[in-house]
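# Architecture and fold: a report
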Amino acid sequence: MSQAALKRTPEAPEASESPAVRLRNVTVRFTTERGAVTALDRVSMTVARGGFLTLLGPSGCGKSTLLRVVSDLIPATSGEVEVMGASAAAAREARNIGFVFQDASLLAWRTALENVELPLEVGGGAEHRGARSPRELLALVGLSGREKAYPHELSGGMRQRVAIARALVNDPKLLLMDEPFGALDEITRDRLNVELLRVWENTGATILFVTHSIYEAAFLGQQVLLMAARPGRVREVVDVPLPTPRGVEQRETPQFVELTAHLRRVLETC
Ligand code: ADP
Ligand code: MG
């Protein structure tokens, strides 16, 4: 990752501009053999353009379902979903959404660079449309010099970096991340947290990040949205009082300790 001083370059603010994501009373129900499951129950939330919102909650509270609705992978049973002022389907078709999962899901027979290039090929033309080339994106995530490495030659953390670079290749305005660092060791996770914040500052993208780690949620987010399970719903939205850019030393500040204690207390009653 480049150590150069990176300035955040948000989009020009317009008074009438819609938020990056807006959900109004979104309910998602699944029908299973054992009856209906309400994965999300009248969830309303907004994420400002250029914001970083972390979704925190126990397993089964609907975090992944929420990301799937926002990215138009599944429909809402009722309620409204708006992405960049239009429908989730329109945002997906305009390739305004990038997705990173817990498993990097790289193609084993393609190099790091070829994996990052993949979404460009899937889109039809091989010409590059984003502001940064696949090679520049690999540099942005700290993988300069590893372009030709195959996934099995990379560590788990490096594979996730490739997945992040791949998600950024179409210059998405919105990056959805579903527990992307959940399978990594703590030291690697800490490092990638810091680097993800730098990517966020550098790209100006809006990030919606799912985790069940209290520390990760508090460290990354400008806001933390706490969810409760059965049925999945919003408990509380907490503003994170830490300044940006952030470094791991901020985790020792009284504000951070107080914030994580609060998040823990709320989670215990979810
Ligand atoms: P989380 O990501 O917070 O762990 P999920 O969004 O995966 O939670 O799931 C929320 C609830 O919806 C869970 O009870 C889960 O079993 C259920 N669920 C999720 N996807 C499906 C599906 N495709 N069919 C049936 N039930 C589902
Ligand atoms: Mg999940």
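Up top is the structure these notes are about.
These lines cover the structure that appears in this document, whether it is placed above or below.

Parameters at a glance
- Residues numbered from 1 in each chain as written.
- Chains lettered and ligands numbered in written order.
- Predicted model: local features only at pLDDT ≥ 70, side-chain atom pairs only at ≥ 80, totals over all residues.
- Heavy atoms only, no water.
- Near = heavy atom within 4 Å.
- Polar contact = N/O pair within 3.5 Å; in protein donor to acceptor, adjacent residues only side chain to side chain.
- Areas by Shrake-Rupley, 256 points an atom, 1.4 Å probe, with all protein chains shown as cover.
- Helix = DSSP H or I, 4+ residues; strand = E, 2+ residues; numbered from the N terminus.
- Phe/Tyr/Trp six-rings, centres within 6.5 Å; stacked < 30°, edge-to-face > 60°.
- Buried < 20%, exposed > 50% of the residue type's maximum accessible area, 1.4 Å probe, protein only.
- Lys NZ or Arg CZ within 6 Å of the ring centre and 35° of its normal.
- Salt bridge = Lys/Arg side-chain N within 4 Å of Asp/Glu carboxyl O.
- Pairing = 2+ DSSP bridges.
- Axes fitted to C-alpha atoms, helices over the stretch in contact; angles between N-to-C directions.
- Contact = heavy atoms within 4.5 Å.
- Lys, Arg positive; Asp, Glu negative; His and termini not counted.

On to the site of ligand 1. Close to ligand 1 lie F30, T32, V37, A39, P58, S59, G60, C61, G62, K63, S64 and T65. One of the backbone nitrogen or oxygen atoms of G60 is found 2.7 Å away from an oxygen atom of ligand 1. Protein contacts shield 64% of the accessible area of ligand 1, which totals 560 Å² for the unbound molecule. Elements with a minimum of two residues in the shell around ligand 1: β1 (21-32), β2 (35-47) and α1 (63-70). When residues of the shell around ligand 1 are assigned to their parent elements, the largest contribution, 3 residues, is made by α1.

Looking now at the packing of aromatic side chains. Per the stated rule, a full pass over the model turns up 5 aromatic pairs. Summarising the aromatic geometry, the rings of F99 and F101 are spaced 4.3 Å apart at their centres and angled 5° between planes, so their arrangement reads as stacked. Residue class for F99 comes out buried when judged on its relative accessible area of 18%. A relative accessible area of 38% means that F101 is categorised as partly exposed. Lying over the aromatic face of F219, R251 brings its terminal NZ or CZ to 4.9 Å of the ring centre.

Attention now moves to the pattern of salt bridges. Tallied over the entire structure, the rule returns 10 salt bridges. The residue R24 makes a salt bridge to E80 at a minimum N-O spacing of 2.7 Å. Note that R24 is positioned in strand β1 and E80 in strand β4 (residues 78-83), a separation of 56 residues in sequence. The class for R24 is partly exposed, based on a relative accessible area of 35%. A relative accessible area of 46% means that E80 is categorised as partly exposed. Put simply, D41 and R42 hold a salt bridge, and the shortest N to O gap is 3.1 Å.

What follows deals with the sheet that holds strand β5 (residues 97-100). Hydrogen bonds between backbone atoms are what pair the strands of a sheet, whose relative direction is either parallel or antiparallel. Taking strand neighbours across the sheet as the criterion, the 6 strands line up as β5-β6-β7-β3-β8-β9 in an open arrangement whose pairing is mixed. Edge strands, defined here as strands with exactly one partner in the open sheet, are β5 and β9 (233-239). Adjacent strand axes in the sheet meet at a mean angle of 20° when their direction is disregarded. With 4 bridges joining them, strand β3 (residues 52-56) and strand β8 (residues 223-228) adopt parallel strand pairing. In the sheet register, T54 faces β8, and the bridge partner there is V224. Sheet strands touched by helix α5 (residues 156-167): β5 and β6 (174-178). Its angle to β5, the strand with the most contacts, is close to 170°.

Strand order in this open sheet of 3 strands is β2-β1-β4, and the pairing throughout is antiparallel. A single partner strand is all that each edge strand has here, and the edge strands are β2 and β4. Each adjacent strand pair in this sheet contributes to an overall mean axis angle of 30°, direction not counted. Across 5 bridges, the pairing between β1 and β4 is antiparallel. Within the sheet, the bridge partner assigned to R22 lies in β4 and is E82. In this fold α1 packs onto β1, β2 and β4, with an angle of close to 115° to the strand it touches most, β1.

To continue, consider the side chain of R246. You can see R246 is positioned in the loop between β9 and α8 (254-268). Buried charged residue R246 carries no salt bridge. Nearest counter-charge: E201, at 7.5 Å. Side-chain polar atoms of R246 contact the backbone oxygen of P243, separated by 3.4 Å. R246 has contacts with L197, A218, F219, L220, G221, Q222 and V240, leaving out every residue within four places of it along the chain.

The next subject is unusual backbone geometry. Following R230, the chain continues to P231 via a peptide bond in cis, the omega torsion being -5°. Residue position: P231 is located in the loop between β8 and β9. Cis geometry marks the peptide bond from T244 to P245, where omega comes out at -5°. Inspection of the secondary structure puts P245 in the loop between β9 and α8. With a phi close to 40°, S105 is a non-glycine residue in the positive phi region. With respect to the helices and strands, S105 occurs in the loop between β5 and α3 (112-122). The class of S105 is partly exposed, set by a relative accessible area of 39%. The phi dihedral of D171 falls on the positive side, at around 55°, and the residue is not glycine. Within the secondary structure, D171 is located in the loop between α5 and β6.

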